[in-house]
Amino acid sequence: LSAQLNFTLKNYDEALNLFTRAYELTHTDELKINIARIYLIKKDCKKAKEVLSECKTESIKKYRLLALALSSEGDFQGAKNALLKVSGYNDATADDYYNLSIFCEKSGDNDNAFKFLFKAFELNPDDYDINVKIGIFLMTQTLNSFLVCASTPLAPSITMIAESTAVSVRKVSSAKSW
């Protein structure tokens, strides 16, 4: 309780000390996850990954934090692999799939990036960031298709992509602001 209170009050050094002492008594993975969270806040990704690797149980929290640590270091393939484990849980959220799409995109896996972005949209169709990302993706695809076909008359598929882009852009522009 005291460790959690210190964490809430942003007394991270004291919270880390108390969580570590509690772990030495109980050896629960939940405490390891709290310790890793503090290391991430303190921007010590290496230590956070080390602590998470000591967790014996598989948990959605563990893999979310691991993905955050890996992506903070620029390891988007590793972050993608960690969040792929999260996607296997029924508790996976739209944010999990949105982040997974970003990690896929940054690791060059554009097909899966859109697949996971669409899954995020299915879970939360009103999310502003998801709609913007879909609109950007569709506009990029439209531009790429147009450049490839620039020397020939526009193909119907390009028109269909452009219409889809317009729908996404309208959806984004009508989305509620924060």
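Structure: see above.
Before going into details, it helps to say that this report is about the structure given with it. (Residues numbered from 1 in each chain as written. Predicted model: local features only at pLDDT ≥ 70, side-chain atom pairs only at ≥ 80, totals over all residues. Heavy atoms only, no water.)

### Some remarks on the overall build of the chain
The number of helices and strands found in the chain is ten helices and zero strands. When the helices and strands of the chain are read in sequence order from the N terminus, they spell out α-α-α-α-α-α-α-α-α-α. Put simply, the chain has 178 residues, and 37% of those count as buried. Of the contacts made within the chain by residues no fewer than 6 positions apart, 44% connect residues no fewer than 24 positions apart. Looking at the chain as shown, the accessible area adds up to about 10700 Å², and 57% of this sits on carbon and sulfur atoms. (Helix = DSSP H or I, 4+ residues; strand = E, 2+ residues; numbered from the N terminus. Buried < 20%, exposed > 50% of the residue type's maximum accessible area, 1.4 Å probe, protein only. Contact = heavy atoms within 4.5 Å. Areas by Shrake-Rupley, 256 points an atom, 1.4 Å probe, with all protein chains shown as cover.)

### Quick look at the pattern of salt bridges
Enumeration over the complete set of coordinates arrives at eight salt bridges. Ionic pairing is found between Lys-32 and Glu-54, a salt bridge with its closest N-O pair at 2.4 Å. Remark: Glu-54 occurs in the loop between helix H4 (45–53) and helix H5 (60–72) and Lys-32 occurs in helix H3 (residues 29–41); sequence separation between them is 22 residues. Take Lys-32: its relative accessible area is 9%, and that puts it in the buried class. Note that Asp-96 and Arg-64 form a salt bridge whose closest N and O atoms lie 2.7 Å from each other. Residue Asp-96 is located in helix H7 (residues 94–106), and its partner Arg-64 is located in helix H5; the two are separated by 32 residues in the primary sequence. (Salt bridge = Lys/Arg side-chain N within 4 Å of Asp/Glu carboxyl O.)

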